[in-house]
Amino acid sequence: MEGATPAWALLAYLASGVLFILALRGLSSPATSRSGNRFGMIGMAIAVVTTLVTHFPSVAVPGTTTSDGVTTTLFVPDFVTAIEILVAIAIGGGIGWLTARRIKMTDMPQLVAAFHSLVGLAAVLVGWAAYLNPQAFGISAADGLIEPQSRIEMGLGIAIGAITFSGSVIAFLKLAGKMSGAPIMLPGRHVINIATVAAILGLVAYFTQDEGLWVIGLLTALAFIIGFLLIIPIGGADMPVVVSMLNSYSGWAAAAMGFTLHNTAMIITGALVGSSGAILSYIMCKAMNRSFISVIAGGFGAAADISGGAAKEQRPWKRGSAEDAAFLLKEAENVIIIPGYGMAVAQAQHVLREMGDQLRKAGVNVKYAIHPVAGRMPGHMNVLLAEANVPYDEVFELEDINGEFAQADVAFIIGANDVVNPAAKTDKSSPIYGMPVFDVEKAKTVMFIKRSMGGVGYAGVDNDVFYMDQTMMLLADAKKMVEDINKALAH
């Protein structure tokens, strides 16, 4: 119980909470992200060690017997259980460390989704453990039943955790390409979703009156189902919002379990993660001119007429070579590079940075433009450019650089599509209409690297930039094309 928690432990939890806040503050900028990560790691280490010390396993053994025949009970340390806990922590930490060391930066979105699923599953397991053994968690009343407020916390924690788990699994499969990234529309999905959510809330309320196994079992099953139903109709273009949304869900699940466990650190951490994820989801939705409800309803680009792109491909367009691109880049004064998911897939960030270095040596002013929803998760492009050691002061967000395209000699687009599509500003029938995009059409020359003219962006719509008079299409693998441009620049 919180009242039995030592004062030093409360101070330690407070310190870990402050460090988590500093971690979020540091992660808000690439320049301070390393220190932010360190703050988060130190804060989590303090929280874990404090919890292990204050909740060290113990076992009850008979003590001395008084003259009136009453035997006292002593609690001695249970080192066997303690070793089992430490072994479990070592195994989990080792798996996490090994995974982080081996993961490719292009696979980071699906890794984040996978981690979210584990947080959700942990919340479900903790909730069930508390349900099956409420005495050990200090949530049972005098009659042996679980206290009503604890049932609400437990029910919400299990429900949110189950939604996070199944939703994150679907997001992982979509991001990893193991299932189609296109929206999968189920008939009557809105009615089904609303009915399922209503049933879950009703069961949480009923759980306060009846703590029967069937109630919590049905609650858990429905929560797993609704997580699946919520994410499967969401298309790939909305994945940045989905990732941040699931991040928020995992935080609220942890916070709910923190109340169940009477653990201040979990409550603080969960609230921070939940609120920051919700704010990030709002920012992502604003960047796509989408409401949060419309994203949950699913299917960005679901109604797009993808076949319409075939007719547009018959329009005239100009193809260029690496030598053509190198010549124009050398002659330019201002070059703005817009990276997208295609750069990530081709792992072209390092050769792109080499190109930028060569251009700067030739006296060209080079800047990188990052759209809030470029890639498959928030900050995806920032992470890739940071990995390639692109200077932070050369990387700009959309609102900071969009006004400079009119003065740019070259807009160099590598693997991006939807974030530079002018249909977002002009075509009210387009599924991306209203989404803020880069004004690349204002640049004197546009260079567009993509594999072929047949491909469309994740939103499933063609791009008029392909056919503009000042556009040069560089059709090839992004990494190979930039490598060839670098060779041409070196001569």
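Colleague: Would you explain the packing of helix α6 (residues 148-175) against helix α8 (residues 213-231) in this entry?
Modeller: Any two packed helices are characterised by how steeply their axes cross, that is the angle between the axes, and by the distance between the axes. Between α6 and α8, the shortest axis-to-axis distance is 7 Å and the interhelical angle comes to 35 degrees. Classified by chirality, the crossing of α8 by α6 is right-handed. Residue-level contacts link M154, G155, I158, A159, A162, I163, F165, S166, G167, I170, A171 and K174 of α6 to I216, L219, T220, A223, F224, I226, G227, F228, L230 and I231 of α8. Of the residues that constitute the contact of α6 with α8, the class distribution is 16 nonpolar, five polar and one charged.

Colleague: What is the right way to look at the pairing of strand β3 (residues 334-339) in this model?
Modeller: Burial analysis of β3 places five of its six residues in the buried class, the great majority of the element. Judged from the four bridges that link them, β3 and strand β4 (residues 365-370) form a sheet pairing that is parallel. By the bridge assignment for β4, N334 is matched with N365. The sheet contact formed by β3 and strand β6 (residues 410-414) spans five bridges and is parallel. Among the inter-strand pairings, P339 is bridged to a residue of β6, identified as I414.

Colleague: Looking at this structure, I do not really get unusual backbone geometry. What am I missing?
Modeller: Backbone geometry follows two general trends: most residues other than glycine have a negative phi, and most peptide bonds adopt the trans configuration. We note that Q347 has phi near 55 degrees; this positive angle belongs to a residue other than glycine. Within the secondary structure, Q347 is located in the loop between α14 (341-346) and α15 (349-361). Positive phi, normally seen in glycine, also occurs at N389, with a value near 65 degrees. Looking at the element boundaries, N389 is found in the loop between α16 (380-387) and β5 (395-397). When its relative accessible area of 59% is taken as the criterion, N389 is described as exposed.

Colleague: Explain the nonpolar core to me, please; I cannot follow it from the model alone.
Modeller: In summary, soluble globular proteins display a tendency toward joint burial of nonpolar side chains. One finds L329, I337, M355, F412, I414, L474 and I485 to be the most contacted residues of the largest nonpolar core, which totals 40 residues. Considering every element that reaches this core, the biggest residue donor is helix α19 (residues 478-490), with six residues. Beyond its immediate sequence surroundings of up to four residues, F412 is in contact with L329, V335, I336, I337, I338, L352, M355, M447, I449, L474, V482 and I485. By size, the runner-up hydrophobic cluster in this structure holds 37 residues, among which are V204, I226, I231 and L246.

Colleague: Explanation requested: a nonpolar patch on the surface in the structure shown.
Modeller: A cluster of nonpolar residues, L11, L14, V18, L22 and F39, forms a patch on the protein surface that exposes about 440 Å² of accessible area. In terms of residue count, helix α1 (residues 7-27) provides more of the nonpolar patch than any other element does, four residues in total. Residue position: V18 is located in helix α1. We classify V18 as partly exposed; its relative accessible area is 42%.

Colleague: I'm lost on α1 in this one. Help?
Modeller: Side chains three or four residues apart in an α-helix point the same way, a direct result of the helix having 3.6 residues per turn. Taking 1.5 Å of rise per residue, 21 residues should cover 30 Å, and α1 covers 30 Å from first to last C-alpha, within 8% of that figure. Here α1 has its buried residues at A9, A12, Y13, S16, G17, L19, F20, A23 and G26. At its buried positions, α1 is contacted by α2 (33-54) and α10 (264-287).

Colleague: Even after reading the chapter, I still don't get the environment of A130, so can you show me in this structure?
Modeller: Its place among the elements puts A130 in helix α4 (residues 108-132). In the structure, A130 is positioned 131 residues away from L261 in sequence and 8.2 Å away in space, judged by C-alpha atoms. Once residues lying within four places of it in the same chain are set aside, the contact partners of A130 are F137, I139, M154 and T260.

Colleague: So what exactly am I meant to see when it comes to the sheet that holds β5 here?
Modeller: Backbone hydrogen bonds are what pair the strands of a sheet, in a parallel or an antiparallel way. Strand order across the open sheet formed by six strands is β5-β4-β3-β6-β7-β8, with parallel pairing between neighbours. The sheet terminates laterally at β5 and β8 (471-475), the two strands that pair on one side only. Ignoring strand direction, the axes of neighbouring strands in this sheet form an average angle of 25 degrees. Set on the sheet, α19 makes contact with β6, β7 (445-450) and β8; between it and β6 the angle comes to about 140 degrees.

Colleague: Would you explain the packing of α15 against α19 in this entry?
Modeller: Direction vectors running N to C along α15 and α19 enclose 25 degrees, while the axes themselves pass 9 Å from each other. What the angle tells us is that α15 and α19 run roughly parallel. You can see that α15 and α19 cross each other, and the crossing is left-handed. Contacts between α15 and α19 involve V351, L352, E354, M355, Q358 and L359 from the former and K479, V482, E483, I485, N486, L489 and A490 from the latter.

Colleague: For this particular structure, what's the right way to read the pairing of β8?
Modeller: In regular strands, side chains alternate between the two faces of the sheet. Most of β8 is tucked away, with five of its five residues classed as buried. Side-chain alternation along β8 places T471, M473 and L475 on one buried face and M472 and L474 on a second face that is also buried. Here β7 pairs with β8 via five bridges, running parallel. Of the residues in β8, the one forming a bridge with M447 is M472.

Definitions and cut-offs
Residues numbered from 1 in each chain as written. Predicted model: local features only at pLDDT ≥ 70, side-chain atom pairs only at ≥ 80, totals over all residues. Heavy atoms only, no water. Axes fitted to C-alpha atoms, helices over the stretch in contact; angles between N-to-C directions. Helix = DSSP H or I, 4+ residues; strand = E, 2+ residues; numbered from the N terminus. Left-handed = near helix turned anticlockwise from the far one by under 90°. Contact = heavy atoms within 4.5 Å. Nonpolar A, V, L, I, M, F, W, Y, C, P; charged D, E, K, R; others polar. Buried < 20%, exposed > 50% of the residue type's maximum accessible area, 1.4 Å probe, protein only. Pairing = 2+ DSSP bridges. Core = buried A, V, L, I, M, F, W, Y, C linked by side-chain atoms within 4.5 Å. Patch = residues over 30% accessible without salt bridge, like charges linked within 9 Å, V, L, I, M, F, W, Y side chains within 5 Å. Areas by Shrake-Rupley, 256 points an atom, 1.4 Å probe, with all protein chains shown as cover. Salt bridge = Lys/Arg side-chain N within 4 Å of Asp/Glu carboxyl O. Expected span 1.5 Å × (residues − 1). Parallel < 35°, antiparallel > 145°, perpendicular 65-115°, else oblique.

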